[in-house]
Amino acid sequence: MPSSTSQVSLAIATASAAVSIGSLVWVMSTRRRDSRRFQVPAELAKSKYAKELQLAVQMALQAGQNMVNHLDSRGTKAGEVTTSELGISVKGNAADFATAIDLENEIAVLERLEKEFPSHSVIGEESTGTGSPDPLTSDPTWIVDPIDGTTNFAAGLPLTCVSIGFCDGGEPVLGCVYSPATRELYLAVKGMGAYRNGYRIRGTTEKKKRLLDSVVCFEFGYARSEEAVDLMVGAVKRILMNGCRTTRWLGSGVLDLCYVASGCLDVVYCGISDEGWKPWDYCAATVICNEASCTIAALQGNSNFDEKGNWIRHSKFDIYANSMICAVTRGLAEETRRIILGLEK
């Protein structure tokens, strides 16, 4: 009997030790992953914008951390306090608002940029307010959205992020997007590739992608008139009647674009009516999408597509455009655009 008891005790001790070692290995592995997750990839660290990128990552992570308390506590007793402290202020209409954390994040970013790069210009969503954003010049310029997906954030939904883009010579050259709830950090520098959590990303490796097999994303934004609603719903109807795998409406335009860049979505569009986005929605994510070999262009007009609906080779997307379509391949962008706008093939 003593021998049996000793064996049982030894077995328990051995099992406990194994669990402890396993837990330690898991913790160390998680720490290594987290360490890589938020590091600037070696390839991007070689770019001429390495200093700007490192700063963008630091600012994005800090801004994201400011959002975590509310996101984690929403729906709990503690969340009642954080919700009451959001300090929601309405901008254009009841659907377009900012929280105190939007403002705090933007102020923190502006102060840090003033310290590190005093000669650079900054265009921020909250400092712009309901007015028109300043025009983009050839000067080094940061374009910042302190919280994209503010409605999601206020509601405690996880699809919300911080977006920091940098322009040089009048075009976006650097993108940094951080989603604190999902712990995803998207980074890209023009000509150097796009990365998510330290790993290179690409929209797709398929040469041909059909709308029929695609996940299509759209955002209805703040448009509420009957005419605007009819136009937006009509576009979705044409997509569904043509056939697609499914549709999604996620509530964060910046993350929509990042998800196309990483192949989670196949196409996203906006600007059927007056639900088009702003430069701070496009700037950082445009670099990420371009570097992930996606096609991003203006949905309306002929700045990026010819009269037959074909993408104009080497044309560039204007981040001040009132409409946009982004797809994992050029062919999918062309096909989806024709269906959305009801154009003849």
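The structure displayed is predicted, hence computed values, not measured ones.

Definitions and limits used
Residues numbered from 1 in each chain as written. Predicted model: local features only at pLDDT ≥ 70, side-chain atom pairs only at ≥ 80, totals over all residues. Heavy atoms only, no water. Pairing = 2+ DSSP bridges. Helix = DSSP H or I, 4+ residues; strand = E, 2+ residues; numbered from the N terminus. Axes fitted to C-alpha atoms, helices over the stretch in contact; angles between N-to-C directions. Buried < 20%, exposed > 50% of the residue type's maximum accessible area, 1.4 Å probe, protein only. Polar contact = N/O pair within 3.5 Å; in protein donor to acceptor, adjacent residues only side chain to side chain. Contact = heavy atoms within 4.5 Å. Core = buried A, V, L, I, M, F, W, Y, C linked by side-chain atoms within 4.5 Å. Phe/Tyr/Trp six-rings, centres within 6.5 Å; stacked < 30°, edge-to-face > 60°. Salt bridge = Lys/Arg side-chain N within 4 Å of Asp/Glu carboxyl O.

A. Representation of the sheet that holds strand 11 (residues 246-248). Reading across from one edge, 11-10-12-14-13 is the order of the five strands in this open sheet, with mixed pairing throughout. In the strand order of this sheet, the two ends are held by strand 11 and strand 13 (295-297), each with one partner. Looking at each pair of strands side by side, their axes are set apart by 15° on average, direction ignored. Relative to strand 14 (residues 324-327), strand 13 is paired through three bridges, and the arrangement is antiparallel. Note that in strand 14 the partner of Ala 297 across the bridge is Ile 325.

B. Main features of the side chain of Ser 323. Relative to the assigned elements, Ser 323 resides in the loop between strand 13 and strand 14. In this structure Ser 323 comes out as buried when scored by relative accessible area, which is 4%. Among the polar contacts listed, one links the side chain of Ser 323 to the backbone nitrogen of Leu 299, at a separation of 3.2 Å. A polar contact of 2.8 Å, which involves the side chain of Ser 323, links it to the backbone nitrogen of Gln 300. Not counting chain neighbours up to four residues away, the residues in contact with Ser 323 comprise Cys 270, Gly 271, Tyr 282, Ala 297, Ala 298, Leu 299, Gln 300 and Phe 317.

C. Up close: the nonpolar core. With 64 residues, the main nonpolar core has Val 177, Leu 257, Tyr 269, Ile 288, Met 324 and Cys 326 as its most contacted residues. With eight residues, the top contributor of residues to this core is helix 10 (residues 279-291). If sequence neighbours within four positions are ignored, Val 177 has contacts with Cys 161, Val 162, Ser 163, Glu 184, Leu 185, Tyr 186, Val 254, Leu 255, Cys 258, Ala 284 and Ile 288. Judged by nonpolar contacts, the second largest core, of 35 residues, contains Tyr 49, Leu 55, Val 173 and Leu 185.

D. Region of interest: the packing of aromatic side chains. If you walk through the whole model with that rule in mind, you get 10 aromatic pairs. Taking the centre distance of 4.7 Å and the plane angle of 45° together, the rings of Trp 142 and Phe 166 count as tilted. Here Phe 166 lies in strand 5 (residues 161-168) and Trp 142 lies in strand 4 (residues 141-148), a separation of 24 residues in the sequence. For the pair Trp 142 and Phe 166, a shared accessibility class is recorded, and that class is buried. Considering the side-chain rings of Phe 218 and Tyr 269, the 6.2 Å spacing of their centres and the 35° angle between planes classify their relative orientation as tilted. Residue Phe 218 is located in strand 10 (residues 215-218), and its partner Tyr 269 is located in strand 12 (residues 267-270); the two are separated by 51 residues in the primary sequence. Considered together, Phe 218 and Tyr 269 belong to a single accessibility category, that of buried residues.

E. Spotlight on the pattern of salt bridges. Scanning the model with the defined rule gives eight salt bridges in all. One salt bridge in this structure joins Lys 46 and Glu 43, with 3.9 Å as the shortest N-O distance. Using a relative accessible area of 63% as the deciding quantity, one classes Lys 46 as exposed. When the shortest N-O distance is used, the salt bridge between Arg 112 and Glu 116 registers 3.6 Å. Pair noted here: Arg 112 and Glu 116 are both in helix 5 (residues 100-116), with a separation of four residues, about one helical turn.

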